[in-house]
Amino acid sequence: MLIELLTLFPEFFNSPLSQSMLQRAQSQGAVEFRVLNLRDFTFDRHRVVDDRPFGGGPGMVLKIEPLVQAIRAVREQDPEVRVILLSPQGFLFSQDKARELAGQKHLLLICGHYEGVDERIHFYIDEELSIGDYILTGGEIPALVVVDAVTRLLPGVLGGEGAVEEESFQTGLLEYPHYTRPRDFEGHEAPEILLSGDHQRVARWRRQEALRRTAKARPDLLEKAVLEDADREFLATSTDSDKKD
Ligand code: 9D3
């Protein structure tokens, strides 16, 4: 897969793309990253990429010409490229979307900045994605979030760890808690049941902990999760106000 990143801050990506999994994925040939400097797609003397908003107001707007020059240059090389703008107005990025994008040959991720991007960009892109409801300074970190989530799904990238296959067995619940040695750390003991060797009791305990945590932190997930009668029974009793969280 080829992932191109269009940005005003190309240096921003140097370190993250050279780290751990992303670097390994590149060496393996599973993915290639190319960082494009938006300023290289200007043709005026001063290489201007932004301008004041029509109608007034604070801040600057990314000009349409350099953006479209860059998109055209990439589309000319590959008409199949999927062009994605990262913006706070986009659809929410998700694991489903990561899976969908991992099936593509070529992505162009456009990082917005300043107060926004000229609205006419929408005639030239395929979709617009946000990573969540908080305000960042630009689309660079969101682009890296997409890169990371998509790259780890590419064939061979996790090196046979099986973590990705395991995800297809996901329950729609948060994970159960994990413990390893030492058994007692500063008086905080690992749950006795995990050391019992009783696999059935361990499995039931883990299921219930997953349910408890999900009900507390992400009750929205419970609505879509596939639950057994025993799960509902557990939730009905464990989430009573007299029970500890
Ligand atoms: C003060 C300007 N903002 C009004 C709330 C608009 C604005 C424009 C551009 C706010 C942030 C940004 C920069 N952010 C992104 O480009 C961005 C983003 C984000 O801020 N949050 C979550 N996902 C994304 S994807 C791109």
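See the structure printed just above.
Residues numbered from 1 in each chain as written. Predicted model: local features only at pLDDT ≥ 70, side-chain atom pairs only at ≥ 80, totals over all residues. Heavy atoms only, no water.

> Account for the sheet that holds strand S2 (residues 32–37), with residues named and values stated.
Spatial strand order, S2-S1-S6-S5-S8: 5 strands in an open sheet with parallel pairing. Edge strands, defined here as strands with exactly one partner in the open sheet, are S2 and strand S8 (127–130). Across the sheet, the axes of successive neighbouring strands diverge by a mean angle of 30 degrees, strand direction being ignored. The sheet contact formed by strand S1 (residues 2–7) and S2 spans 6 bridges and is parallel. Bridging from a neighbouring strand, Ile3 pairs with Phe33 of S2. (Pairing = 2+ DSSP bridges. Helix = DSSP H or I, 4+ residues; strand = E, 2+ residues; numbered from the N terminus. Axes fitted to C-alpha atoms, helices over the stretch in contact; angles between N-to-C directions.)

> Lay out the nonpolar core with the relevant residues and their values.
Counting 31 residues, the largest nonpolar core has Ile3, Leu17, Phe93, Leu101, Leu109 and Val147 as its most contacted members. Elements with a minimum of two residues in this core: S1, helix H2 (20–27), strand S5 (82–92), helix H4 (95–102), strand S6 (106–111) and helix H5 (140–151). Take this core: its biggest share by element is 6 residues, from H5. When near neighbours in sequence (up to four residues on either side) are disregarded, Leu109 contacts Ile3, Glu4, Leu5, Leu6, Ile84, Leu86, Ala143, Val146 and Val147. In terms of nonpolar packing, the next biggest core, distinct from the first, is built from 20 residues, Leu6, Leu67, Ala70 and Leu85 among them. (Core = buried A, V, L, I, M, F, W, Y, C linked by side-chain atoms within 4.5 Å. Buried < 20%, exposed > 50% of the residue type's maximum accessible area, 1.4 Å probe, protein only. Contact = heavy atoms within 4.5 Å.)

> Report on the site of the ligand, specifying residues and quantitative values.
Around the ligand lies a shell of 17 residues, among which Glu115, Ile131, Gly132, Tyr134 and Leu136 are the nearest. With respect to the ligand, the backbone of Tyr134 contributes an N or O atom lying 2.8 Å from a nitrogen atom. Here Gly139 contributes a backbone N or O atom positioned 3.4 Å from an oxygen atom of the ligand. Mapped onto the shell around the ligand, the elements with two or more residues apiece are S5 and S8. The biggest single contributor to the shell around the ligand is S5, with 3 residues. (Near = heavy atom within 4 Å. Polar contact = N/O pair within 3.5 Å; in protein donor to acceptor, adjacent residues only side chain to side chain.)

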